Amino acid sequence: LKGDALTAYASLSSERTYFGFLAADQLQRPYQMTNVRLKFSATEQEAVEQIPGIERARELYLTGKRTEARREWYYATRELSQDDLKVAATLAHGWGWHDRAIITASKARHWSDLTLRFPLPHRESIFSNARLYDLDPALIYGVIRQESAFMEDARSSVGALGLMQLMPSTGKQTARAINLRYRGQSSLISSNNNIRLGSAYLNKLMTRYNGSPVLAAAAYNAGPHRVSRWLPSDGDMQASLWMERIPFKETRTYVRRVLAYATIFDWRLEQPVTRLSNRLPTVKQRY
């Protein structure tokens, strides 16, 4: 690389994104995480915490009434200034309400508090299932972060449930395969069960695609039947190029984010950061 290309790559390599990490790999530079923590005085926090809607949302959340809590939070925060939204995000994070913290920080356009935006709940469950199913815990965290932003009772428009957004049919099949008692949809809302089933399913996809996080993530989003059809038919292909040829924009974005998030979670877990390029094994030709 030289000239304008080198300048472009150098600029991009400072970004905490999928393409930024790839550029840093190309230049053999360290990743720039740039963690900027949000900090406020006790007075600033109390002013926001005592807003009636915020108080009601907190009480509802702490008593397990999460749907009502989210509704209160939405109405309480919709007119707040960016500065007050940042305070609200730190309050939610402190209560362990990670999905509201992430969403509210984004609404405030503050993306650099990595402790808030990439929290580490369910650590014991994630690490135990990573060992059980031979998975990278940062990859499990990356899937959860992209799928639900840690909303334990998340329910998608198509019926996917829980932290790892499993369809009931997938959950039931996976539970049968690993001899885990399945109690219907309630099994998928339970965080420990959801992580267990989601990890087992992710392991199944990783095995099917010879350990490729790229293909496994794409299949987790779009279904293995589609990914198998998308495999190249005229020779092996670089994973980064194959990703750009995924016909679904949603899946292209999904895979990029899961891989970038896994890189950030490596850093958050204070373990050696796997270079993004090392998570991009060559995509083998379809036979």
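To be clear, the structure that these remarks concern was listed above.
Figured I'd write up the structure that's included with this text. (Residues numbered from 1 in each chain as written. Predicted model: local features only at pLDDT ≥ 70, side-chain atom pairs only at ≥ 80, totals over all residues. Heavy atoms only, no water.)

1. Describing the overall build of the chain
Within the chain, the secondary structure is distributed over 17 helices and zero strands. The principal-axis extents of the C-alpha atoms in the chain amount to approximately 60 × 55 × 30 Å. Within the chain, buried positions represent 49% of all 287 residues. A separation of at least 24 residues holds for 58% of the contacts in the chain among residues at least 6 apart in sequence. Put simply, the chain shows about 14500 Å² of open surface, and 46% of that area lies on carbon and sulfur atoms. (Helix = DSSP H or I, 4+ residues; strand = E, 2+ residues; numbered from the N terminus. Buried < 20%, exposed > 50% of the residue type's maximum accessible area, 1.4 Å probe, protein only. Contact = heavy atoms within 4.5 Å. Areas by Shrake-Rupley, 256 points an atom, 1.4 Å probe, with all protein chains shown as cover.)

2. Some details on unusual backbone geometry
Here Thr34, not a glycine, exhibits a phi torsion of approximately 50 degrees, which is positive. With respect to the secondary-structure elements, Thr34 resides in the loop between α2 (18-27) and α3 (42-49). Residues other than glycine seldom take positive phi values, yet Asn210 does so here, at roughly 55 degrees. Relative to the helices and strands, Asn210 is located in the loop between α13 (191-208) and α14 (213-222).

3. Quick look at helix α10 (residues 137-147)
Burial of α10 is extensive: nine of the 11 residues sit out of reach of the surface. Taken together, the buried positions of α10 are Pro137, Ala138, Leu139, Ile140, Tyr141, Gly142, Val143, Ile144 and Arg145. One or two positions beyond α10, positive phi appears at Ala149, with a value near 50 degrees.

4. Re the packing of α10 against helix α17 (residues 249-268)
The axes of two packed helices give the description: the angle between them and the distance between them. One way to put it is that α10 packs onto α17 with a least axis distance of 8 Å and a crossing angle of 130 degrees. When the axes of α10 and α17 are compared, the pair comes out oblique. Crossing hand, α10 versus α17: right-handed. Seen from α10, the contacting residues are Ala138, Leu139, Tyr141, Gly142, Val143, Arg145, Gln146 and Glu147; seen from α17, they are Tyr254, Arg257, Val258, Tyr261, Ala262, Phe265 and Asp266. (Axes fitted to C-alpha atoms, helices over the stretch in contact; angles between N-to-C directions. Parallel < 35°, antiparallel > 145°, perpendicular 65-115°, else oblique. Left-handed = near helix turned anticlockwise from the far one by under 90°.)

5. Notes on the layout of surface pockets
Where empty space is left becomes clear once a probe the size of a water molecule has been rolled over the atoms. By volume, the largest pocket amounts to about 690 Å³. Lining of the largest pocket is provided by 29 residues; of these, Met167, Tyr201, Ala219, Tyr220 and Asn221 occupy positions nearest its centre. Listed by contribution, the elements that provide at least two residues to the lining of the largest pocket are α11 (168-177), α13, α14, α15 (224-230) and α17. Considering every element that reaches the lining of the largest pocket, the biggest residue donor is α13, with five residues. The space that makes up the second largest pocket amounts to roughly 360 Å³. At the level of elements, α2, α10 and α17 are the ones that each hand at least two residues to the lining of the second largest pocket. With six residues, the top contributor of residues to the lining of the second largest pocket is α17. Of the residues belonging to the lining of the second largest pocket, the class tally is eight nonpolar, three polar and five charged. (1 Å grid on protein atoms, 1.4 Å probe; cavity = no way out; pocket = protein on both sides within 12 Å on 5 of 7 lines; lining within 4 Å. Points joined across faces, edges and corners; volume = space filled by probe spheres on them. Nonpolar A, V, L, I, M, F, W, Y, C, P; charged D, E, K, R; others polar.)

6. Some details on the environment of Thr104
By the element assignment, Thr104 lies in helix α7 (residues 98-107). Residues Thr104 and Ser125 lie 21 residues apart in sequence; the distance between their C-alpha atoms is 26 Å. The contacts of Thr104, once residues within four sequence positions are left out, are Trp73, Leu85, Ala88 and Ala89. Side-chain polar atoms of Thr104 contact the side chain of Trp73, separated by 2.9 Å. (Polar contact = N/O pair within 3.5 Å; in protein donor to acceptor, adjacent residues only side chain to side chain.)

7. What about the side chain of Thr174?
Looking at the secondary structure, you find Thr174 in helix α11. Among residues more than four places away in sequence, those in contact with Thr174 are Leu197, Ala200 and Tyr201.

8. What to know about the pattern of salt bridges
Side chains carrying opposite charge are able to pair once their charged atoms draw close together. Within the structure shown, the criterion is met by 11 salt bridges. Between Asp25 and Arg275 there is a salt bridge, with the nearest N and O atoms lying 2.7 Å from each other. Taken together, the residues span a long stretch of sequence, with Asp25 in helix α2 and Arg275 in the segment after α17 at a distance of 250 residues. Arg66 is the partner of Glu152 in a salt bridge, and the nearest nitrogen-oxygen pair spans 3.6 Å. Of the two residues, Glu152 sits in the loop between α10 and α11 while Arg66 sits in helix α5 (residues 66-77), which places them 86 residues apart along the sequence. One continuous salt-bridge network, built from bridges that share partners, spans Asp136, Asp266 and Arg279. (Salt bridge = Lys/Arg side-chain N within 4 Å of Asp/Glu carboxyl O.)

9. Some remarks on α5
Here α5 spans 16 Å end to end across 12 residues, near enough to the 16 Å set by a 1.5 Å rise per residue. Taken together, the buried positions of α5 are occupied by Ala69, Arg70, Trp73, Ala76 and Thr77. Axial view of α5: buried residues confined to an arc of 130 degrees, hence all on one face. Contacts made by the buried residues of α5 are with α4 (52-62), α6 (82-94) and α7. (Expected span 1.5 Å × (residues − 1). Arc of directions from axis to C-beta.)

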